[in-house]
Amino acid sequence: METIKEEIKELLNKLVSPYRLKHIMGVAYMSKILANLYGVSELKAEIAAFGHDLFRDVKPYRFLNMAKSYGLELSKVEVKNPILLHGKIAAEFLKKKYNICNDIYEAIYFHTSGCKCFNTNIIGKILFISDSIEPTRNYENVEYLRELAKRDIEKAYIEILKNKIIYAIEKKHLLLYETVEAWNYNIMEVE
Ligand SMILES: [Fe+2]
Ligand SMILES: [Fe+2]
């Protein structure tokens, strides 16, 4: 798996902007800390982090064809806003190329939306959280969320999911169906 990590890093140098690379490095840094705190594989968390935004700087119109070639069923929301597909496409690409294990695959696939599957997939939860609180992120309550993530990963996950939903509604952005499903699952099964 160490080789997979190194190869993804090389791909990143070709595919993403320096700005994005800084974000990805920040996500990997944060993921490593959380993986150690919560007793899961540091390497798995890092691979998920390095892979998650691999195609984030590819022109979004290309995602529709890429999605088709991977046989993904697209929602109307994704067709209207193809950039939302960058995680799903990265997950499919890495699965095909390296046969990444399911928890890394799910983590990357759903990192934009969240997923009810993150309730049992800690790698997914760690990536979702780290994506929002890595060191270059700067917004009002980020410091609180950083502290919360280290103390209570469940609460941090729900809080970040909630913030994303509120932000999307305030900005009149579309909500992904997986996000709504993840939220409902938490309310019904976890609270
Ligand atoms: Fe992303
Ligand atoms: Fe990201």
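What you see is a predicted model, and the numbers here were worked out from it, not measured in a lab.

## Quick notes on the overall build of the chain
Then comes step 1: Per the secondary structure count, the chain includes 11 helices and 0 strands.
Then comes step 2: Reading the chain from its N terminus to its C terminus gives the helix and strand order α-α-α-α-α-α-α-α-α-α-α.
Then comes step 3: The C-alpha radius of gyration computed for the chain amounts to 16 Å, which stays within 12% of the reference 16 Å derived for 191 residues, consistent with globular compactness.
Then comes step 4: Dimensions of the chain, computed from the C-alpha atoms along their principal axes, are close to 40 × 40 × 30 Å.

## Description of the pattern of salt bridges
Then comes step 1: Enumeration over the complete set of coordinates arrives at 13 salt bridges.
Then comes step 2: With a closest N to O distance of 2.8 Å, Arg-20 and Asp-57 form a salt bridge. Separated by 37 residues along the polypeptide, Arg-20 in helix α2 (residues 18-37) and Asp-57 in the loop between α3 (42-52) and α4 (61-69) bring together distant segments of the chain.
Then comes step 3: Glu-78 serves as the salt-bridge partner of Lys-88, at 2.7 Å between the closest nitrogen and oxygen. Here Lys-88 is found in helix α6 (residues 86-98), whereas its partner Glu-78 is found in helix α5 (residues 76-80), with 10 residues between them in sequence.

## Some details on helix α1 (residues 2-15)
Then comes step 1: In a regular helix each residue adds 1.5 Å, so 14 residues correspond to 20 Å; α1 covers 20 Å between its end C-alpha atoms and thus fits that length.
Then comes step 2: Listed as buried for α1 are Ile-4, Lys-5, Ile-8, Leu-11 and Leu-12. Buried residues along α1 cover an arc of 125 degrees about the axis, so they all sit on one side. Exposed and facing more than 90 degrees away from the buried side of α1 are Thr-3, Glu-10, Asn-13 and Lys-14.
Then comes step 3: Buried positions along α1 lie against α2, α3 and α6.

## Some words on the packing of aromatic side chains
Then comes step 1: Taken as a whole and assessed by the stated rule, the structure comprises 6 aromatic pairs.
Then comes step 2: A cation over an aromatic ring shows up here: Lys-95 above the ring of Tyr-105, its NZ or CZ 4.7 Å from the ring centre.

## What to know about the coordination of the iron ion (ligand 2)
Then comes step 1: Note on the iron ion (ligand 2): its protein donors are His-23 (NE2), His-52 (NE2), Asp-53 (OD) and Asp-131 (OD). The metal-donor distances range over 2.2 to 2.3 Å.
Then comes step 2: Bound by 4 donor atoms, the iron ion (ligand 2) shows angles of 81 to 175 degrees at the metal and therefore irregular coordination geometry.
Then comes step 3: On the primary sequence, the residues serving as donors to the iron ion (ligand 2) are separated as H-x28-H-D-x77-D.
Then comes step 4: The two metals, the iron ion (ligand 2) and the iron ion (ligand 1), are separated by 3.6 Å and share Asp-53 as a common coordinating residue.

## Section: the UniProt feature "domain: HD/PDEase" (unreviewed entry) in the chain
Then comes step 1: The UniProt entry lists residues 16-145 under the feature "domain: HD/PDEase" (unreviewed entry), expressed in the numbering used here.
Then comes step 2: Structurally, residues 16-145 comprises 63% helix and 0% strand, and the distance from its first C-alpha atom to its last is 27 Å.

## Quick word on the coordination of the iron ion (ligand 1)
Then comes step 1: Donor atoms from the polypeptide that coordinate the iron ion (ligand 1) comprise Asp-53 (OD), His-86 (NE2) and His-111 (NE2), at 2.1 to 2.2 Å from the metal.
Then comes step 2: Mapping the donors of the iron ion (ligand 1) onto the primary sequence gives the spacing D-x32-H-x24-H.
Then comes step 3: A relative accessible area of 4% means that Asp-53 is categorised as buried.

Rules of the game
Residues numbered from 1 in each chain as written. Chains lettered and ligands numbered in written order. Predicted model: local features only at pLDDT ≥ 70, side-chain atom pairs only at ≥ 80, totals over all residues. Heavy atoms only, no water. Helix = DSSP H or I, 4+ residues; strand = E, 2+ residues; numbered from the N terminus. Rg over C-alpha atoms; globule rule 2.2 N^0.38 Å. Salt bridge = Lys/Arg side-chain N within 4 Å of Asp/Glu carboxyl O. Expected span 1.5 Å × (residues − 1). Buried < 20%, exposed > 50% of the residue type's maximum accessible area, 1.4 Å probe, protein only. Arc of directions from axis to C-beta. Contact = heavy atoms within 4.5 Å. Phe/Tyr/Trp six-rings, centres within 6.5 Å; stacked < 30°, edge-to-face > 60°. Lys NZ or Arg CZ within 6 Å of the ring centre and 35° of its normal. Donors = N, O, S within 2.8 Å, 3.2 Å for Na, K, Ca; no water. Tetrahedral: all angles 85-135°; square planar, octahedral: opposite > 155°, others 65-115°. UniProt positions renumbered as here; feature names shortened; annotations may be inferred.

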